[in-house]
Amino acid sequence: MTTLTTVPTKPEGRRAAFALPGPYRAVLLQHRTALWIALGLFALGAAALTADRLWVAHAADVFAASDCSIRHTTTGCGGPVRGYLDAEMQFGRNLGYMGMAILALPCLIGAFVAGPLIARDLETGTYKLAWTQSFSPARWLAARLAVCTAVVITGIGLLTAVQRWAWTSGPELEYDRAPWYERAIYGSVGPVALGYALFGLAVGALAGILLRRTLPAMSGALAVMVTAVAVLPLARPHLWATESVTWSRTYPPATPSSGYPVERGMLTSDGSRLPESLCWDPVRDSDPCFAEHQVVGWYNDFHPSSHFWPLQLMETGILLALAAAATYAAFRLLRRRTA
C-alpha cells in the first residue's frame, strides 16, 4: 500500500497577511523614491556626525600622547597643537551645522506633505481612483500621514540620538562647545525636534487639503513652519519657573555656570525690579541714578541645566497638541469637502 504525502505549501493568504494594507502600500509605491532618499539622507547625516565624533576623540587621544601643551607650546609642538585645535573647532562647527539642519527639517517636511503628498493628488484628480477602490477619504489621508509619520520618527529619532551622543560624550574641548540652551543645540538633542517635525507634518496635511494646489500648498506650509520655528522658541524661557540670584554690590551678577540667562536688572529698597538699562550707562555716572531710584542690588533670573528636560517636555507637549489640532482640522475639512 502506497501512502501519498504532500508537501505543504505557503498559502497566498498567509503571505498577504504580512503585507501592508492597500492604501499604505499604494503610498509607499507612489512615493518610494522620495521616501528612500529621505531615509538615506537621515542615515548619511547620522553616519557623518558619528565619524566626526570618533575622529575628534582620536585626535584628542593622539594629542594627549604627544606630551604637548596648548598654553605652553614648546619647539616641535606647533603641528600637534594646530591639528588638535582644528579638529575640535571643526567638530564644534559640525554640531552647530547638524543642529541647524534638524531645525530646518520640519519646514521641509511640511512642504513635502502639503505639496507632493496631498495637494498634487487633489489637483490632478488621482485621488478619485483611490476613493473608488473602497478606500474612504479618511483612510486615504490616514495612510499618507501614517507612512510619513513612520519615516519622520525613524529619521528624526536617529539624528537627534546621534547628535545628543556626539554633543554629550565628546572629549573635553579646549574651546567650550555650544551650551545646552543655544537654539541649534537645544532644538536638536531632545524630543522637541520630533515635536516640531510632527507639527510640520500636520500643518502640511492641513495646507494641502485647504489649498488643493501643489505650489500654493507648499508655500503656505513652508511659511507657517518657518514662522513657527522662529517664533515659538521665544516663549521657551517662560515655560518653566526660573531660578534667581540676587547681588548687593554695584555691578550685576554673572549667570551661574551652564545657566540659561533670562532676565537681569536692579532691585530697589522696596523690592521692585528695574531694567538694567535704566542706570547701567557707561556714558554717565551711574551712582546718582542708583541713589535716585533707591537701588540696593541686582537680580539675575536664569534656568539651570537641570531645567533642560522640563523645558523640553513642556515645549514638546505644546507642539504635539498643536499637531493634534491641525490633524483634526485636516480630517474635518476633508470630510466636509467630500460629504
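Note that the coordinates shown come from a computational prediction; the quantities given were computed from them, not determined experimentally.

### Overview of helix H8 (residues 192-211)
Now for step 1: Counted at 1.5 Å a residue, the expected span for H8 with its 20 residues is 28 Å, and the 28 Å between its end C-alpha atoms agrees.
Now for step 2: Where burial is concerned, most of H8 is hidden: 16 out of the 20 residues are buried.
Now for step 3: Once H8 ends, the next one or two residues include Arg212, with phi positive near 60 degrees.

### Overview of the pattern of salt bridges
Now for step 1: Overall, the coordinates contain four salt bridges when judged by the stated rule.
Now for step 2: Arg144 serves as the salt-bridge partner of Asp121, at 2.5 Å between the closest nitrogen and oxygen. Linking Asp121 in helix H4 (residues 78-124) with Arg144 in helix H6 (residues 137-169), this pair joins segments that are 23 residues apart in sequence.
Now for step 3: Taking the shortest distance from any N to any O, the salt bridge between Glu276 and Arg264 comes out at 2.9 Å. Remark: Arg264 occurs in strand S2 (residues 260-268) and Glu276 occurs in the loop between strand S3 (273-275) and helix H10 (286-292); sequence separation between them is 12 residues.

### A word on unusual backbone geometry
Now for step 1: Within the chain, Arg212 stands out as a residue other than glycine whose phi angle is a positive 60 degrees.
Now for step 2: Take Arg212: it is sitting in the loop between H8 and helix H9 (214-231).

### A short note on the sheet that holds strand S4 (residues 295-303)
Now for step 1: Read across the sheet, four strands follow the order S1-S4-S2-S3 without closing on themselves; strand pairing throughout is antiparallel. The open sheet is flanked by strand S1 (243-247) and S3, the only strands paired with a single partner. In this sheet, adjacent strand axes meet at a mean angle of 35 degrees when their direction is disregarded.
Now for step 2: In this structure, S2 lies alongside S4, joined through eight bridges in antiparallel fashion. Bridging across to S4, Pro261 finds its partner in Phe302.

About the cut-offs
Residues numbered from 1 in each chain as written. Predicted model: local features only at pLDDT ≥ 70, side-chain atom pairs only at ≥ 80, totals over all residues. Heavy atoms only, no water. Helix = DSSP H or I, 4+ residues; strand = E, 2+ residues; numbered from the N terminus. Expected span 1.5 Å × (residues − 1). Buried < 20%, exposed > 50% of the residue type's maximum accessible area, 1.4 Å probe, protein only. Salt bridge = Lys/Arg side-chain N within 4 Å of Asp/Glu carboxyl O. Pairing = 2+ DSSP bridges. Axes fitted to C-alpha atoms, helices over the stretch in contact; angles between N-to-C directions.

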